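Chain residues, written in single-letter form:
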Amino acid sequence: VKFDNDKSEGDLIYNFAQSNNFLYTLEAKAVDPEARIFTIKQYNSKGSLVRRIELDKEVTDILKNERVSRFAVMGQYAFIRTFSNTGVLCDISNNIAVARLIDNEEIDIAYGAKNGEEPTHILIYSRNKGDMWLLELKTSTLHSLDVNYENIEYVIIDDTKNILISAFDDDDTANTLMYLDY
């Protein structure tokens, strides 16, 4: 990766992740101080480039003035969150990363894997609003979950269909633990 600080041109690695024995990098090619072309690159265990995934305009618009705080790949999906807590879930099954879900309210993900195996479900949630979605990776089905809690603090999920949520009540005085079986 080469970058010229004086000209603000070159390649940048924003973040990286691994999934299914592949390494993924979230990269930007800076063509000038104002323009960046974003891609996700997939590498095999020998370091060879397997494929290059362009990001669609919706995803690029989120990243163009932001830094990436979290990048994860799970099967054919990638999750990207910025430091301003806007997040996007992308389908990366083709050579273009297409946004499936975008939220700008403290969005995060949780997923469980056992013995190093890939997860079967991903839970996407908004900490401030209490919105939750469950993505089944095999079927690419995204379900909205009805949870009556805002101010979500922590979420733990496993691959045996259990979710544990820690949330504060509306006036931030009492912590509640909620168990869901999905």
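As a starting point, this report considers the structure included with it. Note that this is a predicted model, so its numbers are computed, not measured.

Helix and strand content of the protein: 1 helix and 16 strands. Taking 16 Å as the expected radius of gyration for a compact globule of 182 residues, we find that the protein reaches 18 Å, a close match to that expectation. Structurally, the protein occupies a C-alpha span of about 50 × 35 × 25 Å along its principal axes. The proportion of buried residues among the 182 residues of the protein is 42%. For the protein, the proportion of contacts with a sequence separation of at least 24, taken over those separated by at least 6, is 31%. Separation of charge centres in the protein, based on 19 positive and 31 negative side chains, amounts to 10 Å.

On to the sheet that holds strand 7 (residues 77–82). Pairing between sheet strands relies on hydrogen bonds along the backbone, with the strands arranged either parallel or antiparallel. If you trace the 9 strands from one edge of the open sheet to the other, you get 1-2-3-4-5-9-8-7-6, paired in mixed fashion. The sheet terminates laterally at strand 1 (3–4) and strand 6 (68–74), the two strands that pair on one side only. When strand 3 (residues 22–32) meets strand 4 (residues 35–43), the two strands line up antiparallel, connected through 9 bridges. Across the sheet, residue T25 finds its bridge partner in strand 4, namely K41.

Okay, a nonpolar patch on the surface next. Together, I156, L164, L177 and Y179 make up an exposed nonpolar region whose accessible area comes to about 440 Å². Structurally, Y179 is set in strand 16 (residues 175–181).

Membership of the largest hydrophobic core comes to 23 residues, with the highest contact counts inside it found for I40, L55, F71, I80 and I92. Excluding residues that lie within four positions of it along the chain, I40 makes contacts with Y24, T25, L26, R51, R52, I53, L55, F71, A78 and I92.

This brings us to the pairing of strand 14 (residues 152–157). Where strand 14 meets strand 15 (residues 162–168), 5 bridges bridge the pair, whose relative direction is antiparallel. The partner of V155 across the bridge, within strand 15, is I165.

For the structure shown, the criterion picks out 9 salt bridges. Across the salt bridge formed by K41 and E27, the nearest N and O atoms sit 3.1 Å from each other. Residue K41 is located in strand 4, and its partner E27 is located in strand 3; the two are separated by 14 residues in the primary sequence. Residue class for K41 comes out buried when judged on its relative accessible area of 15%. A residue is classified by how much of its surface remains accessible, and E27, at 7% relative accessible area, is buried. Where D103 meets K129, a salt bridge forms, and the shortest distance between an N and an O atom there is 3.2 Å. Of this pair, D103 sits in strand 9 (residues 96–103) while K129 sits in the loop between strand 11 (121–126) and strand 12 (132–136), and the two are 26 residues apart along the sequence. One salt-bridge network, held together by shared partners, links K57, D61 and K64.

Take S166: it is sitting in strand 15. Owing to a relative accessible area of 8%, S166 belongs among the buried residues under this scheme. Not counting the four nearest positions on each side in its chain, S166 is found in contact with I152, E153, Y154, N175, T176 and L177.

Turning our eyes to something else, we now look at the sheet that holds strand 11. Across the sheet, which stays open at both edges, the 4 strands sit in the order 10-11-12-13 with antiparallel pairing between neighbours. At either margin of the open sheet sits one strand with a lone partner, and together these are strand 10 (107–110) and strand 13 (141–145). Put simply, the sheet's adjacent strands are angled 25° from each other on average, direction ignored. Pairing analysis gives 5 bridges linking strand 12 to strand 13, with the strands arranged antiparallel. Each bridged residue has a counterpart across the sheet, and for L135 the counterpart in strand 13 is L142.

So, how was this worked out
- Residue numbers restart at each chain and count upward from 1, following the sequence in its written direction.
- For a predicted model such as this one, the threshold for reporting local features is a pLDDT of at least 70, and the threshold for listing and counting side-chain atom pairs is 80 or more; totals across whole chains, interfaces and linings nevertheless cover every residue.
- Values shown for side chains rest on all heavy atoms present in the structure; no hydrogens or waters enter the calculation.
- Where helices and strands are cited, they refer to DSSP runs of H or I of at least four residues and of E of at least two residues respectively, numbered from the N terminus.
- Throughout, radius of gyration means the C-alpha value; the globule benchmark is 2.2 Å times the number of residues raised to the power 0.38.
- Accessible area is worked out with a 1.4 Å probe on protein chains only. A residue is then buried under 20% of its type maximum, exposed over 50%, and partly exposed in between.
- Whether two residues are in contact is decided by their heavy atoms: any pair within 4.5 Å suffices.
- His is not counted here, nor are the chain ends, while Lys and Arg score as positive and Asp and Glu score as negative.
- Just so you know, the charge point we use is NZ for Lys, CZ for Arg, CG for Asp and CD for Glu.
- A pair of strands is labelled paired if DSSP reports no fewer than 2 bridges between them.
- Excluding any residue in a salt bridge, patches collect residues exceeding 30% relative accessible area, merging like charges within 9 Å and nonpolar Val, Leu, Ile, Met, Phe, Trp and Tyr side chains within 5 Å.
- The Shrake-Rupley method, run with a 1.4 Å probe sphere, supplies the accessible areas, and residue values consider only the shown protein chains as cover.
- The salt bridge definition used is simple: a Lys or Arg side-chain nitrogen within 4 Å of an Asp or Glu carboxyl oxygen.
- Think of a nonpolar core as a cluster: buried Ala, Val, Leu, Ile, Met, Phe, Trp, Tyr and Cys residues, connected wherever their side-chain atoms sit within 4.5 Å.
- Axis lines are fitted to C-alpha atoms, over the contacting stretch for helices. Their N-to-C directions set the angle, which ranges from 0 to 180 degrees.

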